[in-house]
Every structure is written in C-alpha cells, then in structure tokens.
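Coordinate analysis (summary)
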Amino acid sequence: MESIQHRTVNVNGINMHIAEKGSGPVVLFLHGFPELWYTWRHQIQAVADRGYHAVAPDLRGYGDTDAPPSPTSYTCFHLVGDVVALIDSLGGDAVYLVATDWGAMVGWHLCMFRPDKVKAYVCMSVAYTPRQPLKKPVEALKTVFGDDLYICRFQVIY
C-alpha cells in the first residue's frame, strides 16, 4: 500500500518489523496466526487518514521480525515485553489497541500485565479465557473443536 512506511525497531532483544502511517495518538494493531502486519493494511490507511498514528508490527517469529530458535522464547511474558518495548519506542504513551486471533491473546495479556500502556482495547475475535492450570490449552481445544482446529494442526515442531 502506498505511503505505508516500514522500519525495524529493536525491542526486548529482538528486531521487530513495523508498518506505520500517520501522526497523532497511536493505534496499535496486532495480527493473528499465521498472519503479518499486512492483515491490517486497509485499517492502517483508514485510521491514519483520520488523524492517528497507525502501527502494525510483525509479532515475534513472524515475517521480518526476528524468530528466536527456542520455543521458550515465546512465552506471554516475551510477547507482552515486545509490545511494551514497541510502545515505549513510539513515545511511551498508552495506545489504542486492536487485535485479532493470536494477537488478541497477546492483547489480553498486555491489558492484564501493563494496563498503563492501553487506553482502550478492541478485541476482534478471541474472548478472554483465564488460565486453567489443570488443563493444557491445546488438549482443551481438541476436546471442544477436534483435531482439525488450526491451532491443533500446527503443534508438530520440525
């Protein structure tokens, strides 16, 4: 999309690719699985045209953002830490947060861990689900949705 700018910022020990346009209060868009910043290209344009600074990163492990090799580098603490550091790199003021799918899970955790970084949260798909220590998340999803749910199908590490 014309006039959307791209750059790489160092956040939380990784290099994160962001797409951005506009100036004003930040509206931060978090993509789902298996998506990229590109999911939000139309919204970036529309939001920037209305006086906001629209920003959409490729989250950790996606697109042009670094992908640390260890699975232990992808906890909610790492992912939220990435977003907090991104917000800080954008000036540190609380953002309007919009997220879908996997990004929605990151968004919920951001709201819980660092509510000072979020003015408002628009969750486009995934309702908040509290942690259930006696249930493993993927097994619980298989029970409800079966083996064909995309989350269940992408569990094998090659």
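Refer to the structure presented above.
A short tour of the structure in this document, coming up. Keep in mind that what you see is a predicted model, and the values were worked out from it rather than measured. (Residues numbered from 1 in each chain as written. Predicted model: local features only at pLDDT ≥ 70, side-chain atom pairs only at ≥ 80, totals over all residues. Heavy atoms only, no water.)

1. Focus on helix 3 (residues 101–113)
Between its first and last C-alpha, helix 3 extends 19 Å over 13 residues, near the 18 Å set by a 1.5 Å rise per residue. The complete set of buried residues in helix 3 reads D101, G103, A104, V106, G107, H109 and L110. In the core, the buried residues of helix 3 are packed alongside strand 3 (26–30), helix 2 (76–89), strand 5 (95–99), strand 6 (118–123) and helix 5 (150–153). (Helix = DSSP H or I, 4+ residues; strand = E, 2+ residues; numbered from the N terminus. Expected span 1.5 Å × (residues − 1). Buried < 20%, exposed > 50% of the residue type's maximum accessible area, 1.4 Å probe, protein only. Contact = heavy atoms within 4.5 Å.)

2. Observations concerning the nonpolar core
One finds L28, L30, V83, L86, L97 and L110 to be the most contacted residues of the largest nonpolar core, which totals 26 residues. For this core, the secondary-structure elements that each account for two or more residues are strand 1 (5–11), strand 2 (14–21), strand 3, helix 2, strand 5, helix 3 and strand 6. For L110, the residues in contact, after removing those within four places along its chain, are V80, V83, V84, I87, L97, P115, K117 and V118. Core analysis: the next-biggest nonpolar cluster, separate from the first, contains 11 residues, A19, F29, V47 and A56 among them. (Core = buried A, V, L, I, M, F, W, Y, C linked by side-chain atoms within 4.5 Å.)

3. Notes on the pattern of salt bridges
Counted under the stated rule, the structure contains 6 salt bridges. A salt bridge links E20 to R7, with the nearest nitrogen and oxygen atoms 2.4 Å apart. With E20 in strand 2 and R7 in strand 1, this pair connects stretches of sequence that are 13 residues apart. One salt bridge in this structure joins D148 and R153, with 3.9 Å as the shortest N-O distance. By the burial criterion, D148 is exposed, and R153 matches it. (Salt bridge = Lys/Arg side-chain N within 4 Å of Asp/Glu carboxyl O.)

4. A look at helix 2
Taking 1.5 Å per residue as the helical rise, helix 2 with its 14 residues ought to reach 20 Å, and the 20 Å between its terminal C-alpha atoms agrees with that figure. Among all positions of helix 2, only L79, V80, D82, V83, V84, L86 and I87 are buried.

5. Describing unusual backbone geometry
Between F33 and the following residue, P34, the backbone shows a cis peptide bond with an omega angle of -15 degrees. Located in the positive-phi region is N12, a residue other than glycine, with phi close to 50 degrees. Within the element layout of this structure, N12 appears in the loop between strand 1 and strand 2. The class of N12 is partly exposed, set by a relative accessible area of 39%.

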